[in-house]
Amino acid sequence: MDRYTGYVESILAESNSNVPVSRRTLMDYLENGGPSYRTRGGEVFEMDLSEIEAIAGVCTEVEKIRLRIPIIVSTDTSAEGGAWKVDGETETSVMSKILGKRPYRKDMLRFYNPNLADLRRKFPTTIVLAFVP
């Protein structure tokens, strides 16, 4: 590993300090409240309950049990240009409904910067960005 690789990895690790250590299910938040999570950086982050309820509004009962929030959106390095993705069958299904887009695969939804901007406007506290090399 050269010094540049180490430098890039350290920048990515720092930029991902906002990623949650663990995530609870949507149903757990709806039933038990306490809409917060701890980040890798050690901070406690509060989510907006209205966003949690809006996500629940597009979910089936099964999705409410399976979906973990905050939803993690990551860089999609397999696509050309500035692409983003959501992984996981439940996450893909829910985000596909929210964005009105067809999934790339059953367990992955790819989208681009205009969609990300829309997501960040609608769900600033329940969507987390992760940067992967």
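Preceding this paragraph is the structure being described.
A brief structural summary.

Analysis parameters
Residues numbered from 1 in each chain as written. Predicted model: local features only at pLDDT ≥ 70, side-chain atom pairs only at ≥ 80, totals over all residues. Heavy atoms only, no water. Buried < 20%, exposed > 50% of the residue type's maximum accessible area, 1.4 Å probe, protein only. Helix = DSSP H or I, 4+ residues; strand = E, 2+ residues; numbered from the N terminus. Pairing = 2+ DSSP bridges. Core = buried A, V, L, I, M, F, W, Y, C linked by side-chain atoms within 4.5 Å. Contact = heavy atoms within 4.5 Å. Arc of directions from axis to C-beta. Axes fitted to C-alpha atoms, helices over the stretch in contact; angles between N-to-C directions. Parallel < 35°, antiparallel > 145°, perpendicular 65-115°, else oblique. Nonpolar A, V, L, I, M, F, W, Y, C, P; charged D, E, K, R; others polar.

### Description of helix H5 (residues 89–99)
Here is step 1 of the chain: Burial of H5 is extensive: eight of the eleven residues sit out of reach of the surface.
Here is step 2 of the chain: Within H5 the residues assigned to the buried category are Thr 90, Glu 91, Thr 92, Val 94, Met 95, Ser 96, Ile 98 and Leu 99.
Here is step 3 of the chain: Immediately beyond the C-terminal end of H5, within one or two residues, lies Gly 100, with a positive phi of roughly 65°.

### Quick notes on the pairing of strand E5 (residues 71–75)
On any regular strand, side chains alternate: one points to one face of the sheet, the next to the other face.
Here is step 1 of the chain: Taking burial as the measure, the five residues of E5 include four buried ones, the bulk of the element.
Here is step 2 of the chain: Of the strand pairs in this sheet, E5 and strand E8 (residues 127–130) are connected by four bridges, and their pairing is parallel. The residue bridging Ile 72 from the neighbouring strand is Val 128, located in E8.

### A short note on the environment of Leu 49
Here is step 1 of the chain: Here Leu 49 lies in helix H3 (residues 49–58).
Here is step 2 of the chain: Looking at Leu 49, the relative accessible area reads 41%, which means it is partly exposed.
Here is step 3 of the chain: Sequence spacing of Leu 49 and Ser 36 is 13 residues, and the spatial spacing of their C-alpha atoms is 9.8 Å.

### Some details on the nonpolar core
General note: in soluble globular proteins, nonpolar side chains tend to be found buried as a group.
Here is step 1 of the chain: Ranked by internal contacts, the top residues of the largest apolar core, which has 28 residues, are Ile 55, Val 73, Met 95 and Phe 111.
Here is step 2 of the chain: Non-local contacts of Ile 55, meaning those with residues more than four positions away in its chain, are made with Leu 26, Leu 67, Ile 71, Val 94, Ile 98, Phe 123 and Thr 126.

### Digging into helix H6 (residues 113–122)
Here is step 1 of the chain: Among the residues of H6, Asn 115, Leu 116 and Leu 119 are the ones counted as buried. Burial along H6 is one-sided: seen end-on, the buried residues are contained in an arc of 100°. Residues of H6 that are exposed and point more than 90 degrees away from the buried face comprise Pro 114 and Arg 121.
Here is step 2 of the chain: Residues of H6 that are buried in the fold lie against E5, strand E6 (83–87), H5, strand E7 (108–112) and E8.

### A few points about the packing of H5 against H6
Here is step 1 of the chain: As a packed pair, H5 and H6 sit with axes 11 Å apart at the nearest point and diverge in direction by 95°. The pairing of H5 with H6 is recorded here as roughly perpendicular in orientation. Contacts from Met 95, Ile 98 and Leu 99 in H5 reach Asn 115, Leu 119 and Lys 122 in H6.
Here is step 2 of the chain: Split into classes, the residues belonging to the contact of H5 with H6 amount to four nonpolar, one polar and one charged.

### A short note on the environment of Pro 124
Here is step 1 of the chain: For Pro 124, the location among the structural elements is in the loop between H6 and E8.
Here is step 2 of the chain: Judged by relative accessible area, Pro 124 falls into the partly exposed class, the value being 40%.
Here is step 3 of the chain: As a C-alpha pair, Pro 124 and Glu 51 span 73 residues in sequence and 8.4 Å in three-dimensional space.
Here is step 4 of the chain: Those residues within four positions of Pro 124 in sequence are excluded, and the remaining contacts are Glu 51 and Leu 119.

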